Amino acid sequence: MSSSLSRPSYSSSSRTSSPFFPNHSSLINGGTRRSLSFLSASPQELCLRSKRKSVQSSVVLQDGAVVVTNSSPIEKLKDGLLSVPSQEVVAELGGGEHESTVSITVVGASGDLAKKKIFPALFALYYEGCLPEHFTIYGYARSKMTDGELRHMVSKTLTCRIDKRANCGEKMEEFLKRCFYHTGQYDSQEHFVALNKKLKEHEGGRLSNRLFYLSIPPNIFVDAVKCASSSASSLSGWTRVIVEKPFGRDSKTSAALTNSLKNYLEEDQIFRIDHYLGKELVENLSVLRFSNLIFEPLWSRQYIQNVQFIFSEDFGTEGRGGYFDHYGIIRDIMQNHLLQILALFAMETPVSLDAEDIRNEKVKVLRSMRPIQLEDVVIGQYKGTTTKGGVTYPSYTDDKTVPGDSLTPTFAAAALFIDNARWDGVPFLMKAGKALHTRSAEIRVQFRHVPGNLYNRNSGGSNLDRTTNELVIRVQPDEGIYLKINNKVPGLGMRLDQSHLNLLYSARYSKEIPDAYERLLLDAIEGERRLFIRSDELDAAWALFTPLLKEIEEKKMIPELYPYGSRGPVGAHYLAAKHNVQWGDL
Ligand SMILES: NC(=O)C1=CN([C@@H]2O[C@H](COP(=O)(O)OP(=O)(O)OC[C@H]3O[C@@H](n4cnc5c(N)ncnc54)[C@H](OP(=O)(O)O)[C@@H]3O)[C@@H](O)[C@H]2O)C=CC1
Ligand SMILES: O=C1O[C@H](COP(=O)(O)O)[C@@H](O)[C@H](O)[C@H]1O
C-alpha cells in the first residue's frame with residue numbers, strides 16, 4: 001500500500017528538529033509550526049490544519065500587549081515574537097480564531113489568467129476544504145460586470161476535476177456565492193476605497209486578512225499596489241500581494257519595480273509568483289535529492305556529466321504575441337522558470353526547510369554562475385509550415401500583434417556553468433521553445449560513463465560508454481521520474497540492454513495532481529514564502545541574463561528559423577555537441 005504523503009508541510013521555524021523526520025508535536029496551537037510528515041491524513045484534515053494556521057496569523061503578544069501585524073506568524077516565530085493569543089485576548093479583539101476572515105481580491109479578474117487559472121484554483125482549494133471558513137473572493141477590473149456576470153464567467157471555467165465527486169455542482173454553487181465583483185480603475189484611490197467598504201461589509205467585524213492577486217499587465221502593477229495598500233489594506237490583519245511575472249525586462253527595470261513596490265509594501269508582503277515552483281515534480285526535486293541516500297552522494301561534478309532543463313510547447317504565441325514580442329523566450333521561460341529549477345537542483349543542502357534557508361541557498365547558486373557567453377547561446381524563431389496533410393501553421397511574424405521584422409526569439413538553447421566546488425565544469429544546458437513538436441517540461445541528469453566498463457563487449461552493438469545512466473524528472477505532462485539503467489537481457493547469454501526504473505505518478509497515485517496555482521495560492525494565504533521569489537534572488541537572476549539579452553539585442557542577432565512543429569533549430573545540437581553532450585529528449 002502506498003504510504004500517503006501529506007500536503008507538504010514544512011517546518012517554518014524549527015531548526016531543532018530534522019526536516020526529514022516526522023515531528024508530530026510541532027504544531028503550536030493551530031499549526032503555526034509545521035514539519036514534513038508521512039501522515040496518512042485526508043486532504044480535509046490537512047487543510048483544516050492550514051485553516052487554523054492562517055486565521056491566527058496576525059495577532060501577536062509582545063510584553064503583554066496585543067500587536068496586530070502584517071507579517072505572518074512564521075516571521076514572528078523566527079523573530080521570537082510570537083506567542084499564542086489567549087482566548088481572553090482574542091475575545092477582546094472581537095472573536096476567536098473562527099472570527100477571522102480572508103478576503104482575496106483578483107485584480108484583473110476579467111483577464112485570461114484569472115479565468116484560466118486563478119478562479120479554478122480557488123475553487124479547487126474550496127472544494128478540498130482548504131480555504132478558511134470565512135472567506136470572500138472579489139474580482140476587480142475596469143470592465144463593467146455585475147456579481148452575477150462575474151459568477152457566470154467564472155462558472156464556465158470551473159471543473160470538477162477532483163475525483164469527479166458527486167457534490168461538485170453543489171460546491172460550485174456555494175463557491176460562486178462567495179464571489180463578488182467590483183468595477184474600478186487600477187489607479188483610482190476612490191475606487192479602491194469603495195472596494196474596501198465592500199470588503200469590510202463582508203468581513204463583518206472579524207479580524208481581516210487580505211490577499212490581492214495582481215493579474216494585470218506589469219505597467220499597472222505599481223498603480224494598483226499604491227491604491228490597494230493605501231485604500232484597501234487590512235487594518236487588523238495581514239495584507240499580502242501576489243505579483244505575477246514579468247518582474248521587469250532586465251536588472252534596471254526589475255530593480256525599479258521592486259523599489260516602487262517597496263514604497264507601499266514591505267518585502268514580506270510581496271509574493272512574487274513563479275508558477276513552475278508550484279508544480280508537483282519541481283516541489284519533489286528537493287525531496288528526491290535530500291531524502292534518498294542514493295542520490296545526494298552522486299549530485300556533483302564527480303558523477304554528473306551534464307544537466308538539461310528542457311521546456312517545449314507545441315503551440316505558438318497565439319493570442320499573446322503582443323506581450324511576447326516585448327519579452328521573448330529567454331525572459332519568458334529561461335530567466336525565471338528554468339533558472340529557478342536549476343537553482344533548486346544545484347543548491348547546497350539548506351539548514352532547514354524554512355523559506356529563508358532555502359532561498360539563501362538558491363541565491364548562492366545564482367551568484368556562483370558564470371556570465372553567459374553569447375557563443376554558448378542559440379536563438380530561433382518559428383516559421384510557418386504546411387503539413388503533408390495540408391494543415392497550415394503560421395509563422396511567429398504572421399501574428400498581427402507582432403512586427404513583421406521582429407527578431408524576438410521563440411526558441412533558445414544555452415549552456416550555463418556554476419563556478420563552485422560542486423559543479424565546476426558541468427554544463428547545465430537549457431532549451432526552451434514555442435511551436436515545437438511536443439509539449440513537455442523535464443529535467444535530465446546524465447551521469448558519467450562507467451570507468452573501464454567490463455561489459456562493453458556484451459552490449460549488443462551499442463557503446464555502453466554512451467548508454468550512461470540518466471535520471472529524468474518529467475515535470476509535465478505524464479508526471480514521473482525514471483532512471484535509465486543497464487541490465488542483462490534474460491537468457492543464457494550475456495547481452496545488455498537499457499531499461500527504465502519508472503515512477504509514473506498516474507500509475508502510482510490515483511489522486512489527480514493539483515495545479516501549481518492551487519499550491520501557491522494556499523501558500524500565500526498561509527504566509528509560506530518558500531515557493532515565492534525573494535528580491536535578491538530576482539536580482540541575481542537578472543544579473544545573469546541582462547548582459548546576454550543586451551548583447552543579443554544590441555547586435556540584432558538573427559534567430560535561426562525552424563518550422564512550426566519541428567524539434568527546433570539545428571544550432572541547438574551543435575551547441576550541445578560543443579560541450580560533449582547530446583540532448584536527452586531526442
Ligand atoms: N495568461 C497567462 O497564461 C499568463 C499570464 N501571466 C501574467 O499574468 C498577468 C495577467 O495576465 P493575463 O490575464 O493574460 O492578462 P490580460 O491581458 O488578460 O489582462 C488582465 C486584465 O487587465 C486589464 N488590462 C489589460 N490591458 C490593460 C491595460 N493596458 N491597461 C489597464 N488594464 C489592462 C484587463 O481588464 P479590464 O479591461 O477589465 O480592466 C484585462 O482583462 C500578466 O502580468 C501576465 O504577464 C503570467 C503567466 C501566464
Ligand atoms: O509563464 C509562462 O508559462 C506558460 C507555460 O506554463 P505551463 O504551466 O502551461 O507549462 C507559457 O505558455 C507562457 O508563455 C509563459 O509566460
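Residue numbers restart at each chain and count upward from 1, following the sequence in its written direction. Chain letters start at A and ligand numbers start at 1, both assigned in the order the entries are written. Totals for whole chains, interfaces and linings use every residue, but because this is a predicted model, local features are given only for residues with pLDDT of at least 70 and side-chain atom pairs only at 80 or more, for both listing and counting. For side-chain calculations, the full set of non-hydrogen atoms in the structure is used, while hydrogens and water are omitted.

The protein goes by Glucose-6-phosphate 1-dehydrogenase in an unreviewed UniProt entry, where it is assigned to Brassica campestris. A UniProt comment under Pathway (unreviewed entry) is attached to the protein, and it reads "Carbohydrate degradation; pentose phosphate pathway; D-ribulose 5-phosphate from D-glucose 6-phosphate (oxidative stage): step 1/3." UniProt positions are given in the numbering used here, feature names are shortened, and annotations may be inferred rather than shown by experiment. Note on the protein: under the UniProt heading Subcellular location (unreviewed entry), the record states "Plastid, Chloroplast stroma".

**Student:** Can you break down the site of ligand 1 residue by residue, with the values?
**Tutor:** Taken together, 18 residues surround ligand 1, and among them Ser110, Asp112, Leu113, Ser143 and Tyr186 come closest. Between Tyr186 and ligand 1, the recorded distance is 2.6 Å, taken from a side-chain N or O atom to an oxygen atom. Accessible surface area values rest on a Shrake-Rupley calculation with a 1.4 Å probe, where residue burial reflects the displayed protein chains alone. Contact with the protein chains covers 75% of the free accessible surface of ligand 1, which is 870 Å². Element by element, the count of residues in the shell around ligand 1 is highest for helix H4 (residues 112–127), at 3 residues. Only heavy atoms are used to decide nearness, and a residue is near a molecule or strand if one of them lies within 4 Å of it. Nitrogen and oxygen atoms within 3.5 Å of one another constitute a polar contact, given that in protein one can donate a hydrogen and the other can accept it, and given that sequence-neighbouring residues count only through two side-chain atoms. Helix numbering and strand numbering both begin at the N terminus, where a helix is a DSSP run of H or I of at least 4 residues and a strand a DSSP run of E of at least 2.

**Student:** I'd love a proper account of the packing of H4 against helix H14 (residues 516–526), names of residues and values included.
**Tutor:** Interaxial distance between H4 and H14 falls to 8 Å at its minimum, and their mutual angle equals 65°. Here H14 runs roughly perpendicular to H4, going by the angle between their axes. Handedness of the H4/H14 crossing: right-handed. Residues Leu113, Lys117, Ile118, Ala121, Leu122, Ala124 and Leu125 of H4 pack against Tyr517, Glu518, Leu521 and Leu522 of H14. Geometry is summarised by axes, namely lines fitted to C-alpha atoms with helices restricted to the contacting stretch, and by angles between N-to-C directions that run from 0 to 180 degrees. Our angle categories are set so that under 35 degrees counts as roughly parallel, over 145 as roughly antiparallel, 65 to 115 as roughly perpendicular, and the remainder as oblique. Each crossing gets its handedness from the near helix: less than a right angle anticlockwise from the far helix is left-handed, clockwise is right-handed. The contact definition used throughout considers only heavy atoms, calling two residues in contact when any of these lie within 4.5 Å.

**Student:** Can you explain helix H7 (residues 189–203)? Please cite residues and give values.
**Tutor:** Compared with an ideal rise of 1.5 Å per residue, which puts 15 residues at 21 Å, H7 spans 20 Å between its outermost C-alpha atoms and is within 8% of the ideal. Categorising residues by exposure relies on relative accessible area from a 1.4 Å probe, with only protein chains included: less than 20% of the type maximum marks a residue as buried, more than 50% marks it as exposed, and the intermediate range marks it as partly exposed. All of the buried residues in H7 are Phe192, Leu195, Asn196, Leu199 and Glu203. Buried positions in H7, seen along its axis, are confined to an arc of 105° and lie on one side of it. The exposed residues of H7 that point more than 90 degrees off its buried face are Glu190, Lys197 and Glu201. For H7, the elements touching its buried residues are strand S3 (100–107), strand S4 (135–141), strand S5 (179–183), strand S6 (207–214) and helix H8 (221–231). Following H7 by one or two positions, Gly204 has its phi on the positive side, about 55°. By this rule the span expected of a helix is its residue count minus one, scaled by 1.5 Å. Throughout, the arc means the angular range of directions from the helix axis out to the C-beta atoms.

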